[in-house]
Amino acid sequence: MEKLTVVTGTGVPLRRSNVDTDQIIPAVFLKRVTKSGFEDALFYAWRRDPNFVLNQDAYRDGKILVAGPDFGIGSSREHAVWALHDYGFRVVISSRFADIFYGNTAKNGVLAAIMPQESIELLWKLLEEEPGRQMTVSLEDRTVTCGDVTLPFEVDDYVRWRLMNGYDDIDLTLQHEDDIVAYEKMRAEKFPFKPKTIPAKHLPEVKVESARPVPETPWAGPISDRK
Amino acid sequence: MGTTLAEKVWNDHLVRKGENGAPDLIFIDLQLMHEVTSPQAFEGLRLAGRKPRHVELTLATTDHNTPTVDIDKPNPDATSALQLSTLAKNCKEFGVRLHALGDPDQGIVHQVGPQLGLTQPGMTIVCGDSHTSTHGAFGALAFGIGTSEVEHVLATQTLSLKPFKTMAVNVDGELSPDVTAKDIILAIIAKIGTGGGQGHVIEYRGSAIRKLSMEARMTICNMSIEAGARAGMIAPDEVTFEYLKGRPHAPEGEMWDKAVEYWKTLRSDDDAVFDKEVTLRAEDLKPFVTWGTNPGQGVPIDSVVPDPESFTDETQRAAAKRALEYMDLKAGQPIKSIPVDTVFIGSCTNGRIEDLRAAAAVMKGHHKADSIHRVLVVPASSRVRLQAEKEGLDKIFKDFGAEWRNAGCSMCLGMNPDKLVADERSISTSNRNFEGRQGKGSRTHLASPAVAAATAIRGMISEPADL
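Here goes a summary of the coordinates provided. Values in this document were obtained by computation on a predicted structure and should not be read as measured data.

Quick word on the overall build of chain B
Part 1: Scanning chain B from terminus to terminus reveals 16 helices and 19 strands.
Part 2: For 467 residues, the compact-globule estimate of 2.2 N^0.38 gives 23 Å, and chain B sits close to it at 21 Å.
Part 3: The C-alpha extent of chain B, read off along each of the three principal axes, is 55 × 55 × 45 Å.
Part 4: Here chain B, with 467 residues, has 63% of them falling under the buried criterion.
Part 5: Partitioning the intrachain contacts of chain B with sequence separation of at least 6 by distance along the chain shows that 77% fall at a separation of at least 24.

Some remarks on unusual backbone geometry
Part 1: Of note, the bond from Ile198 of chain A into Pro199 of chain A is cis; its omega dihedral lies within 30 degrees of zero at 0 degrees.
Part 2: One non-glycine residue with positive phi stands out, namely Gln157 of chain B, at about 60 degrees.
Part 3: On the secondary structure map, Gln157 of chain B appears in the loop between α5 (147-156) and β8 (158-161).

So, the packing of helix α13 (residues 353-363) of chain B against helix α15 (residues 393-400) of chain B
All names here are of chain B.
Part 1: For the pair α13 and α15, interaxial distance at closest approach is 10 Å and the crossing angle is 45 degrees. It follows that α13 is oblique to α15 by the angle criterion. As α13 packs across α15, the resulting crossing turns out to be left-handed. Across the interface between the two elements, Leu356, Arg357, Ala360 and Met363 of α13 pack against Leu393, Ile396, Phe397 and Phe400 of α15.
Part 2: Of the residues that constitute the contact of α13 with α15, the class distribution is seven nonpolar, no polar and one charged.

Quick look at the interface of chain A and chain B
Reports of interface size often rely on the accessible area that becomes lost once the parts have come together.
Part 1: At the junction of the two partners, chain A supplies 65 residues and chain B supplies 89 residues.
Part 2: Only α1 (21-24), α3 (99-106), α5 (157-165), α6 (169-174) and α7 (177-190) of chain A provide two or more residues apiece to the side of chain A that touches chain B.
Part 3: Of the residues contributing to the side of chain A that touches chain B, the split by class is 29 nonpolar, 15 polar and 21 charged.

Remarks on the nonpolar core
Part 1: Counting 192 residues, the largest nonpolar core has Val66, Val92 and Ile93 of chain A together with Ala359 and Val377 of chain B as the members making the most contacts within it.
Part 2: Counting residues per element, this core draws most heavily on helix α6 (residues 181-192) of chain B, at eight residues.
Part 3: Apart from residues lying up to four places away in sequence, Val377 of chain B is in contact with Ile345, Gly346, Leu356, Ala359, Phe397, Ala402, Glu403, Trp404 and Arg405 of chain B.

Re the sheet that holds strand β10 (residues 200-205) of chain B
Residues and elements named next belong to chain B.
Part 1: Pairing is parallel in the open sheet, where four strands are placed in the order β11-β10-β9-β12. Looking at the sheet topology across the chains shown, the edges are occupied by β11 (231-233) and β12 (276-281). For this sheet, the mean inter-axis angle between neighbouring strands, taken without regard to orientation, is 20 degrees.
Part 2: For strand β9 (residues 165-172) and β10, the ladder comprises six bridges, and the chain directions are parallel. Across the sheet, residue Asn170 finds its bridge partner in β10, namely Arg205.
Part 3: On top of the sheet, α6 reaches β9 and β12; it is set at about 130 degrees to β12, its chief contact.

Quick notes on the sheet that holds strand β1 (residues 14-16) of chain B
Residue and element names in this part refer to chain B.
Part 1: If you trace the three strands from one edge of the open sheet to the other, you get β1-β2-β8, paired in antiparallel fashion. Unpaired on one side and paired on the other, β1 and β8 mark the two borders of the sheet. In this sheet, adjacent strand axes meet at a mean angle of 40 degrees when their direction is disregarded.
Part 2: Direction of pairing for strand β2 (residues 24-27) relative to β8: antiparallel, over a ladder of four bridges. Residue pairing in the sheet places Asp24 in a bridge with Leu161 of β8.

Thresholds, definitions, all that
- Along every chain, residues carry numbers that run from 1 in the direction the sequence is written.
- Chains and ligands are labelled by the order in which they are written, letters from A for the one and numbers from 1 for the other.
- Only residues with pLDDT of 70 or above have their local features reported here, since the model is predicted, and side-chain atom pairs are shown and tallied only from 80 upward, although totals for entire chains, interfaces and linings are computed over all residues.
- Numbering of helices and strands runs from the N terminus; a helix is a DSSP stretch of H or I covering at least four residues, while a strand is a stretch of E covering at least two.
- Throughout, the radius of gyration refers to the C-alpha atoms, and the reference size of a globule is 2.2 Å times the residue count to the power 0.38.
- Residue burial here comes from a neighbour count, namely the number of other C-beta atoms, placed from the backbone, that lie within 10 Å of the residue's own C-beta, with 20 or more meaning buried, 12 or fewer meaning exposed, and in between meaning partly exposed.
- Once C-beta atoms are placed from the backbone, any two residues with those atoms within 7 Å are in contact.
- Fitting a line to C-alpha atoms yields each axis, with helices limited to the stretch in contact; the angle taken between N-to-C directions then spans 0 to 180 degrees.
- The cut-offs work like this: below 35 degrees is roughly parallel, past 145 is roughly antiparallel, 65 to 115 is roughly perpendicular, and the gaps in between are oblique.
- In a left-handed crossing the near helix is turned counterclockwise from the far helix by less than a right angle, and in a right-handed crossing that turn is clockwise.
- Polar here means any residue outside two lists: the nonpolar Ala, Val, Leu, Ile, Met, Phe, Trp, Tyr, Cys and Pro, and the charged Asp, Glu, Lys and Arg; Gly therefore counts as polar.
- What makes a nonpolar core is a set of buried Ala, Val, Leu, Ile, Met, Phe, Trp, Tyr and Cys residues, with links drawn between C-beta atoms within 7 Å.
- Two strands qualify as a pair provided DSSP detects at least 2 bridges between them.

Have a look at this one:
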């Protein structure tokens, strides 16, 4: 994983709360089996709107996203972080992140920085006053600098340490191989009744019939279109 | 001070306690997989030259991206077909058990685990899907993870995590007969908000919860994530043991007794202290429907669309304003005056046999309203489909004018062809009403199977009492 210490780049004000991962990347893009190339899928529906912040020239090369509370709620799709990362974002700032999204950021070299909503409001103001304004996020100092203003942010100590060193989680865990082996031994003795998926056990095999499409009935379109 | 249920399960899985601010390492008893969040994890293993540590604690099925019609024909969507075949290839290469489309044990991953008896009390269960919280209904600690963590569990059978905080949600008293598990959880989310449970495991407690069936308990735990919680749990009891007994992977004979003895210890101690506590009176609950674009934006069905100005919190006010615009609703409009186009009954929230029975009981002897475009009934798993057919429910659905489909996630997330078009309005028994969730520009109202069925009869949002 790439190391992250200081990020300088264009700050993007996203004045929305409850930005769910379906907004960050809709499910249709989840059919891909790859881990990169999701930049076009980021905020797919919102980017059809010419007024959307990322469609304004000054914010197009955004690197630091400043969003409303409860960012990343909903689906666990890590594709949301891949899409932000592929677009160019290295930092997302919010007053509160959904847990799974928060966990996913740190595993992909993206910082989720937590700041009080008042600080977010101030950053929004500064970024809108001067679109395209550069910001600096220092993971070392745990601060965000925008214009003359420097504000502190919160980050978990362990997450910070991993991001700054670019450590891989699996490598770190495998350093504790002895502990895992000891647990496995204890588990087999203390919990012999815990289930195994193999060998497979089933109810009797039955053939599943396919459902067939129902012929299209004439429909006048969504009620909202019928005037 | 006593220990909560969640803490007990956590402690029994502690491989290593984290030191100096490092997370704990906990053992995972079961990893469930599906086609969408696993390909990159398998690829990661392959690139690092690693093997899964415990394939016998791993199970895969296909659900998110599977068609619900013509399952015996080649998939016309090449990208979807590739994703499904990639899972099959990966499972074959690494030796993971797979229940693919067409197999009677195929279905939504959160139905497959319980119905096979693989979901048991006191286990740690993970899946690359946020609704893994469903399995908490059995007193398991079950939660959704990202793809990097899927790979981590494959490689190490552990996860590195900070202990979760605990939250008790008490529902005491007598529920009115028209109030279902879905209404309870929608009311809870409306009360605590989409971020109210953040960082916490919710334990649902109280006399109203104890009286619920396993299916209903799964509905409640399923939507814990919609309140922002890591997981939801209900302490196991006789209802749990009764559901498990005789299932293919449930313990047998002496092992069953040993297991039950352990399972009975899995309850929060009387003097356990939770980090947060919320209480609802069962008598106050009514059928619940969402009006907005997050699951916390819901109200009792007999009330009106709220006025954004009535929210004191500025963020909530802005969100409500935007939601009304997106949903094309007006403040003050009665919920029961909203006409819908499409009715979806299914998903890991409400696609189980009890849900289908509830919908069929309302639909029986009726036909869908002419203004309703379509009614999709999608069972959570193939076994549920077979059971429903055995009970003749499929006939009730077809006579009603509904489409009886094969199992999968279907219109809940709009990944397969079961989608809404822009501006199309649905009432849906699924779990998320996000903008565009069921198709670009779609509008979703979340409700229980009974309310969805009544709505299909009248063409506008209704409850069975209106019929």
